[in-house]
Amino acid sequence: MIYWDIFWAFFIANLLGYGGGPATIPLIQIEVVNNNGWMTLSEFGDVLAIANALPGPIATKMAGFIGYELGGVLGAAIALAATILPSALAVILLFKFVNLFKDSPKVKLMTKSVQPIIAVLLAIMAYQFFLTAFENSGVMHLVLLAAVSYFTLIKFKVHPSLVIFGALFYGGIFLS
Amino acid sequence: MKPYLELAIGFARTGVTGYGGGPSTIPLIEYEAVKKYKWMSEEEFGEILALANTMPGPIATKMAAYIGFKVKGGMGATVAILTHILPSIIAMLALLGVLYSFRQSPIVSGMVQGVTPVIGFMLAEMAYRFYQKGSKGLGMPKTILLAAVSFLFVQFMGWHPGILIAAVLISAFYIAHKKEKAEKKVNEEFMPAREKSS
């Protein structure tokens, strides 16, 4: 039952992702690429690239697109519901108890403790993308593109979508 | 009708102008909710944000759900969430559809290769930000230790990160619980009179 699998994959990824949508990216990758084999890592990378080039929340773009690829409009709706509904309902329901909750040292320590794990998961993903780039296009292009990303994104604060479209353009000309 | 329209405009606008995922749209949502449409005070916005941050899952949709619900109940929440996420999802389907239909073309495969290092870099930068957040909250030694342990389990022992995250969440809960208990005990010993009167 593909719809159940879709629901479960996005539900788990978002349930464990503390720190907003970006924290769920490696968890979505694990469900989609490693556990269910719906996509290869490089296909997942393409989806992530386009998602990063477009505005709006990242987790819902990923869920909407991957759900649609797997099961059409219904697949997209299920992936989105699994992504959004549990936490959205929880916020509405729990707001009544906000004062019991917000300053709780338990919740604070839980949130803080997950950050290093998310950092490692993202770093592993980054490494996988660098490795793929190294294997497909060689060390020259990899170093050049990574260095340009650093200067444009961090030093000169160029808009990420411009950097992504620039890289697509560069690849279309020099790596085809 | 007007409240729905305002919710739709406010959340559509933040959905199509915020780059870098949900967390980067928060200031934009605050502008719409507090300054522009005055759905709530700045304090209330801060409170909801703090609460939403304690829960897993995407942050922008949690905010949209609460704000929409506050303004117009369940329908309001639905309108806010959908107008926030749909434009970018539709754009994504269109753009990837075009890219996929030219998948065989060497130009498209070159484009994909060109963007791979950039995505790698963006992920590395995100990893660094999460590391910083962690070391701000936990201190550097604990953060590095936790990171090293999770690297070991995930990369070398092939554990599902979910198990690791669940284990860390449970231990953090337990540690904080023990600490709270210990503090309470100290308070009871030193201030028995005040305890009773409250």
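Note that the coordinates shown come from a computational prediction; the quantities given were computed from them, not determined experimentally.

**Digging into the overall build of chain A**
Step number 1: Along the backbone of chain A there are 7 helices and 0 strands.
Step number 2: Ordering the α and β elements of chain A from the N terminus gives α-α-α-α-α-α-α.
Step number 3: Principal axes of the C-alpha set define a box for chain A whose edges measure 55 × 40 × 25 Å.
Step number 4: In chain A, buried positions account for 54% of the 176 residues.
Step number 5: Summarising the internal contacts of chain A: among those between residues at least 6 apart in sequence, 53% fall at separations of at least 24.

**So, the overall build of chain B**
Step number 1: Secondary structure summary: chain B contains 8 helices and 0 strands in total.
Step number 2: Radius of gyration (C-alpha) of chain B: 23 Å, far over the 16 Å computed for a compact globule of 198 residues.
Step number 3: Here the C-alpha coordinates of chain B stretch approximately 75 × 55 × 25 Å along the principal axes.
Step number 4: Among the 198 residues that make up chain B, the fraction classed as buried is 39%.
Step number 5: Partitioning the contacts of chain B with sequence separation of at least 6, the portion at a separation of at least 24 is 47%.

**Considering unusual backbone geometry**
Residue and element names in this part refer to chain A.
Step number 1: Look at K157: it is not a glycine, yet its phi comes out positive at around 55°.
Step number 2: Here K157 shows up in the loop between α6 (105-155) and α7 (160-174).
Step number 3: By the C-beta count within 10 Å, which is 8 here, K157 ends up exposed.

**Side note on the confidence of the model for chain B**
All names here are of chain B.
Step number 1: Chain-level statistics for chain B give a pLDDT mean of 84 and a share of 94% at 70 or above.
Step number 2: Confidence, expressed as mean pLDDT per element, reaches its minimum in chain B at helix α8 (residues 192-197) with 50 and its maximum at helix α4 (residues 59-101) with 91.
Step number 3: Prediction confidence for the complex, expressed as pTM and ipTM, is 0.75 and 0.77 respectively.

**Considering the environment of A8 of chain B**
Residues and elements named next belong to chain B.
Step number 1: For A8, the position within the fold is in helix α1 (residues 2-17).
Step number 2: Spatially, the C-alpha atom of A8 lies 35 Å from that of Y128, the residues being 120 residues apart in sequence.
Step number 3: Ignoring any residue separated from it by four or fewer positions in sequence, one finds A8 in contact with V79 and T83.

**Some words on the packing of helix α5 (residues 106-138) of chain B against helix α6 (residues 140-156) of chain B**
Residues and elements named next belong to chain B.
Step number 1: At their nearest, the axes of α5 and α6 sit 7 Å apart, and the two run at 130° to each other. Comparing the axis directions of α5 and α6 gives the class oblique. Of the two elements, α5 crosses α6, and the hand of that crossing is right-handed. Listed contacts from α6 to Y131, G134, S135 and L138 of α5 are M140, K142, T143 and A147.
Step number 2: Considered class by class, the residues forming the contact of α5 with α6 number 4 nonpolar, 3 polar and 1 charged.

**Quick notes on the environment of P161 of chain B**
Step number 1: With respect to the element layout, P161 of chain B can be found in helix α7 (residues 161-190).
Step number 2: By the C-beta count within 10 Å, which is 20 here, P161 of chain B ends up buried.
Step number 3: As a C-alpha pair, P161 of chain B and G137 of chain B span 24 residues in sequence and 21 Å in three-dimensional space.
Step number 4: Residues within four places of P161 of chain B in sequence aside, it is in contact with L27, I30, I117 and L121 of chain A together with V154 of chain B.

**Re the nonpolar core**
Side chains of nonpolar character tend, in soluble globular proteins, to be buried together.
Step number 1: L122 of chain A together with L123 and A127 of chain B are the most contacted members of the largest nonpolar core, which has 108 residues in total.
Step number 2: With sequence-adjacent residues up to four places away left out, L123 of chain B is seen in contact with L122, M125, A126 and F129 of chain A.

**Digging into the interface of chain A and chain B**
Step number 1: Opposite the 89 residues of chain A that make contact, chain B presents 86 residues.
Step number 2: Of all the elements in the fold, those that place two or more residues in the side of chain A that touches chain B are α1 (2-16), α2 (21-35), α3 (41-53), α4 (58-94), α5 (98-101), α6 and α7 of chain A.
Step number 3: Examining the composition of the side of chain A that touches chain B, we find that 32 residues originate from one element, α6 of chain A, more than from any other.
Step number 4: Grouping the amino acids of the side of chain A that touches chain B by side-chain chemistry returns 59 nonpolar, 25 polar and 5 charged.

**Focus on the environment of T132 of chain A**
Step number 1: Turning to its location among the elements, T132 of chain A is positioned in helix α6.
Step number 2: The exposure class assigned to T132 of chain A is buried, which follows from the 21 C-beta atoms found within 10 Å.
Step number 3: Sequence separation of T132 of chain A and N52 of chain A is 80 residues, and the distance between their C-alpha atoms is 18 Å.
Step number 4: Sequence-distant contacts of T132 of chain A, that is, excluding residues within four places in its chain, are made with L41, S42 and G45 of chain A together with T116 of chain B.

**What to know about the packing of α1 of chain B against α4 of chain B**
Residue and element names in this part refer to chain B.
Step number 1: The geometry of α1 relative to α4 is characterised by a closest axis approach of 8 Å and an angle of 40° between their N-to-C directions. Judged by the angle between their axes, α1 and α4 are oblique. The handedness of the crossing between α1 and α4 comes out as right-handed. From α1, P3, Y4, L7, A8, F11, A12, T14, G15 and V16 reach across to α4, where they touch A64, G68, V71, K72, G76, V79, A80, T83, H84, I85, P87 and S88.

**Let's talk about α5 of chain B**
Residues and elements named next belong to chain B.
Step number 1: Its 33 residues give α5 an end-to-end C-alpha distance of 48 Å, which sits within 8% of 48 Å, the value for a rise of 1.5 Å per residue.
Step number 2: Bending of α5 peaks at approximately 25° at the position of T116, with proline P117 no more than four residues after it.
Step number 3: Looking one or two residues past α5, G139 carries a phi angle of roughly 90°, positive in sign.

Thresholds applied
Here the residue numbers are simple positions, counted from 1 along each chain's written sequence. Following the order in which they are written, the chains are lettered starting with A and the ligands numbered starting with 1. Thresholds applied to this predicted model are a pLDDT of at least 70 for local features of residues and 80 or more for the giving and counting of side-chain atom pairs; totals over whole chains, interfaces and linings are not thresholded and use all residues. Helix and strand assignments follow DSSP, with helices taken as H or I runs no shorter than four residues and strands as E runs no shorter than two, numbered in order from the N terminus. Burial is judged by counting other C-beta atoms within 10 Å of a residue's own C-beta: 20 or more means buried, 12 or fewer means exposed, and anything between counts as partly exposed, with every C-beta placed from the backbone. Contact definition: two residues whose C-beta atoms, as placed from backbone geometry, lie within 7 Å. Note that the radius of gyration is over C-alpha atoms, with the globule rule given as 2.2 Å times the number of residues to the power 0.38. pLDDT: the predictor's confidence for each residue, scored from 0 to 100. Working convention: axes come from line fits to C-alpha atoms, limited for helices to the stretch in contact. Angles between N-to-C directions cover 0 to 180 degrees. Roughly parallel means an angle under 35 degrees; roughly antiparallel means over 145; roughly perpendicular covers 65 to 115; every other angle is labelled oblique. By convention the crossing between two helices is left-handed if the near helix lies anticlockwise of the far one by an angle smaller than a right angle, and right-handed if it lies clockwise. Three classes are used: nonpolar for Ala, Val, Leu, Ile, Met, Phe, Trp, Tyr, Cys and Pro, charged for Asp, Glu, Lys and Arg, and polar for all others, with Gly counted as polar. Note on terminology: a nonpolar core is a set of buried residues of type Ala, Val, Leu, Ile, Met, Phe, Trp, Tyr or Cys, with members joined through C-beta atoms within 7 Å. Residue count minus one, scaled by 1.5 Å, sets the expected span of a helix. Bend is the name given here to the angle between axes fitted to two runs of seven residues, the run ending at a residue and the run starting at it.

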